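Here is what each chain is made of, one letter per residue.
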There are 2 protein chains.
Amino acid sequence: MSATIHRIGARPEPSLEPMIKMVAADMNLVNSVILDRMQSDVPLIPELAGHLIAGGGKRMRPMLTLASAKLLDYSGNRHHKLAAVVEFIHTATLLHDDVVDGSDLRRGKRTANIIWGNPASVLVGDFLFSRSFELMVEDGSLKVLKILSNASAVIAEGEVNQLTSVRRLDLTEERYLDIIGAKTAALFAAACRIAAVVAERSETEEMALDAYGRNLGIAFQLIDDAIDYASDAATMGKDAGDDFREGKMTLPVILAYARSEGEDRHFWREAIAGRKITDADFAHAIELVRSTRALDDTLARARHFGQRAIDALGIFPAGDARDAMVQAVEFAVARAY
Amino acid sequence: MSATIHRIGARPEPSLEPMIKMVAADMNLVNSVILDRMQSDVPLIPELAGHLIAGGGKRMRPMLTLASAKLLDYSGNRHHKLAAVVEFIHTATLLHDDVVDGSDLRRGKRTANIIWGNPASVLVGDFLFSRSFELMVEDGSLKVLKILSNASAVIAEGEVNQLTSVRRLDLTEERYLDIIGAKTAALFAAACRIAAVVAERSETEEMALDAYGRNLGIAFQLIDDAIDYASDAATMGKDAGDDFREGKMTLPVILAYARSEGEDRHFWREAIAGRKITDADFAHAIELVRSTRALDDTLARARHFGQRAIDALGIFPAGDARDAMVQAVEFAVARAY
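Residues numbered from 1 in each chain as written. Chains lettered and ligands numbered in written order. Predicted model: local features only at pLDDT ≥ 70, side-chain atom pairs only at ≥ 80, totals over all residues. Heavy atoms only, no water.

Some points on the interface of chain A and chain B
One frequently used descriptor of interface size is the decrease in accessible area upon assembly of the parts. At the junction of the two partners, chain A supplies 35 residues and chain B supplies 35 residues. Together, the buried faces of chain A and chain B total about 3200 Å²; carbon and sulfur atoms form 79% of this surface. Of all residues in chain A, Leu123, Glu157 and Val160 of chain A bury the most surface against chain B, accounting for 18% of the area lost on that side. For the pair chain A and chain B, the interface holds 0 salt bridges. Here chain A and chain B share 8 residue pairs in polar contact (both at pLDDT 80 or more) between them. Elements with a minimum of two residues in the side of chain A that touches chain B: α2 (44-53), α4 (78-101), α6 (118-139) and α7 (142-165) of chain A. With 14 residues, the top contributor of residues to the side of chain A that touches chain B is α7 of chain A. Each residue belonging to the side of chain A that touches chain B can be placed in one class, and the counts come to 19 nonpolar, 9 polar and 7 charged. (Contact = heavy atoms within 4.5 Å. Buried area = accessible area lost by both parts, 1.4 Å probe. Salt bridge = Lys/Arg side-chain N within 4 Å of Asp/Glu carboxyl O. Polar contact = N/O pair within 3.5 Å; in protein donor to acceptor, adjacent residues only side chain to side chain. Helix = DSSP H or I, 4+ residues; strand = E, 2+ residues; numbered from the N terminus. Nonpolar A, V, L, I, M, F, W, Y, C, P; charged D, E, K, R; others polar.)

Next comes the structure, spelled out in structure tokens:
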């Protein structure tokens with residue numbers, strides 16, 4: 001991409017490495033829980049779940065639980081099981097998302113629904129989701145259960161909301177933010193917040209971590225949605241233009257449409273209705289999201305939420321953990337460049 | 001159907017009416033919880049969920065929670081919310097089942113996946129499932145949460161197990177019983193058992209209700225599977241022969257295949273492989289499940305589990321509640337006649 005580089009922090013190259021390093025030992029324990037608890041006497045379950053869980057994801061959400069626990073100097077081990085819960089919920093939603101979207105590629109690999117079919121993906125998603133609740137119940141905190149069951153319901157609501165907004169050019173930026181706040185940011189927020197619950201910290205600290213996760217989640221999704229209009233398909237391991245061809249209303253389209261007139265508006269109406277989805281149409285769409293600065297401003301919005309995530313950490317003591325969490329945000333918003 | 005009538009009890013006509021009447025007032029309160037808690041700002045959610053929830057089901061599972069509470073003289077109100085939880089879990093699994101099976105008819109009505117599409121059915125199922133956990137968390141009993149989260153995971157496991165057994169003529173009766181024990185009976189068992197938990201009864205009473213529900217659930221599913229080979233399609237509001245055409249391995253087929261030789265075995269291999277699924281083939285299959293007494297013996301197995309359900313109630317005092325629960329079993333196993 002050709003957009004100018006605007007970084008939040010002063011570091012030359014924001015990286016996820018400090019966070020990955022910081023939680024590496026904990027993550028090994030989380031991975032043990034994940035591998036152990038995705039087992040079943042029904043062989044298809046670990047086979048299918050393993051494809052996605054071992055499929056090269058960064059484990060961003062459980063990593064946030066672990067990093068938040070580090071930030072709070074938590075010395076127990078409840079967060080390992082709960083981080084696995086977060087990853088199970090996430091994996092269940094990915095399995096169902098790929099069925100809903102009819103996706104054939106995720107993280108550069110064939111999706112489970114393509115390999116094993118939609119029925120298996122739906123049911124194994126249900127299993128992982130149920131298993132995640134069993135693990136939460138084992139942890140035994142009603143507060144954690146409340147936070148995660150609420151997040152799960154909000155995620156599902158957000159997914160349905162997104163589904164009913166497909167091909168709806170009248171979707172506003174406000175409603176779009178509601179959708180991504182639900183389908184993506186709710187789990188980021190919960191993943192961070194539960195660390196404060198197990199560490200028995202104050203409501204203020206709990207909600208600060210919630211805000212960090214929530215704003216990071218929104219920034220993360222905005223960047224994801226921008227990347228779909230980047231020319232470099234390899235960036236995400238998914239095909240660029242998928243959102244465009246599916247008529248998904250994301251911020252680049254919302255802004256580009258709002259800022260266009262005449263012929264260009266007509267183009268968007270035809271495209272989002274699914275009547276202009278050739279490669280040439282997609283190239284034209286990219287041109288429009290750039291010329292209207294819709295893409296730049298989607299990235300600017302992402303930086304805004306990223307900055308709020310960073311500032312939410314202000315109440316915590318400076319140190320390596322906080323630095324790593326700040327840099328994770330900078331890394332997330334820099335992904336599109 | 002032409003099978004001889006063998007009834008368990010002495011009553012001339014077993015009926016569900018005594019149970020329905022006994023819990024009618026409670027069920028109204030459960031229905032209020034259901035209607036209230038299936039709401040969402042996303043209109044598609046109550047619309048789709050309402051189609052199925054208001055769609056003429058007997059509310060068998062929540063009714064069992066209410067009846068069990070009556071049996072125990074429970075005087076609180078926690079069972080209303082928990083009965084709604086049970087119905088939400090059941091509805092979520094129905095939505096996903098219809099997607100998995102590609103069903104177009106349930107209880108004589110078009111299925112949600114036909115009206116709103118598979119993506120909406122998957123996501124609204126996820127919502128109801130998450131919402132059911134929110135309701136359980138509101139109830140606040142870790143023991144109830146453990147029972148229901150475990151049941152949910154077992155159901156999903158059973159569904160995957162069934163999926164991988166489709167078109168597998170080597171499926172044994174034992175493994176078939178495991179599958180229906182998981183996909184159907186686990187929720188029946190949990191629905192009854194949680195009444196003993198809220199009524200703070202002994203482990204013995206809890207497990208007696210678990211056994212009642214579990215055996216009833218198995219009997220219920222056996223009858224359902226027998227009905228698919230009954231000639232009267234209207235009985236279930238679903239098309240007779242669906243299981244046959246989908247190559248689903250149910251007990252009538254397992255027994256008929258085990259008892260056949262030569263040509264008939266060849267027929268079953270072709271049919272279950274999906275190469276003989278015309279109406280004439282289905283008529284031939286019905287003839288075989290009858291001539292081998294596979295259908296009669298499926299019903300006999302159902303009566304066996306029904307009798308175990310009834311006997312599990314032996315530790316509870318005689319009275320109207322117990323009579324109603326006995327008669328519900330007799331009604332369930334008499335459905336196929």
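Describing the packing of aromatic side chains
Taken as a whole and assessed by the stated rule, the structure comprises 14 aromatic pairs over all chains. Aromatic pair Phe188 of chain A and Phe220 of chain A: ring centres 5.2 Å apart, planes at 50°, arrangement tilted. Pair noted here: Phe188 of chain A is in helix α8 (residues 173-198) and Phe220 of chain A is in helix α9 (residues 203-227), with a separation of 32 residues, a long-range link. Exposure remark for Phe188 of chain A: the relative accessible area of 0% places this residue in the buried category. Connected via pairs of aromatic rings, a cluster forms that spans Phe129 and Phe133 of chain A together with Phe129 and Phe133 of chain B. Its guanidinium or amino end placed over the ring of Phe282 of chain A, Arg245 of chain A lies 5.9 Å from that ring's centre, counting from NZ or CZ. The side chain of Arg335 of chain A reaches across the aromatic face of Phe220 of chain A, ending 4.4 Å from its centre. (Phe/Tyr/Trp six-rings, centres within 6.5 Å; stacked < 30°, edge-to-face > 60°. Buried < 20%, exposed > 50% of the residue type's maximum accessible area, 1.4 Å probe, protein only. Lys NZ or Arg CZ within 6 Å of the ring centre and 35° of its normal.)

What about the pattern of salt bridges?
Residues and elements named next belong to chain B. As enumerated under the stated definition, the model contains 42 salt bridges over all chains in all. A salt bridge links Asp170 to Arg168; the shortest N-O distance between them is 3.1 Å. For Arg168, a relative accessible area of 41% puts it in the partly exposed group.

A few points about the nonpolar core
Counting residues in hydrophobic clusters, the biggest one holds 173 residues, and the most contacted among them are Met19 and Tyr212 of chain A together with Tyr212 of chain B. Among residues more than four places away in sequence, those in contact with Tyr212 of chain A are Met19, Leu64, Cys192, Ala309, Ala312, Leu313, Met325, Ala328 and Val329 of chain A. (Core = buried A, V, L, I, M, F, W, Y, C linked by side-chain atoms within 4.5 Å.)

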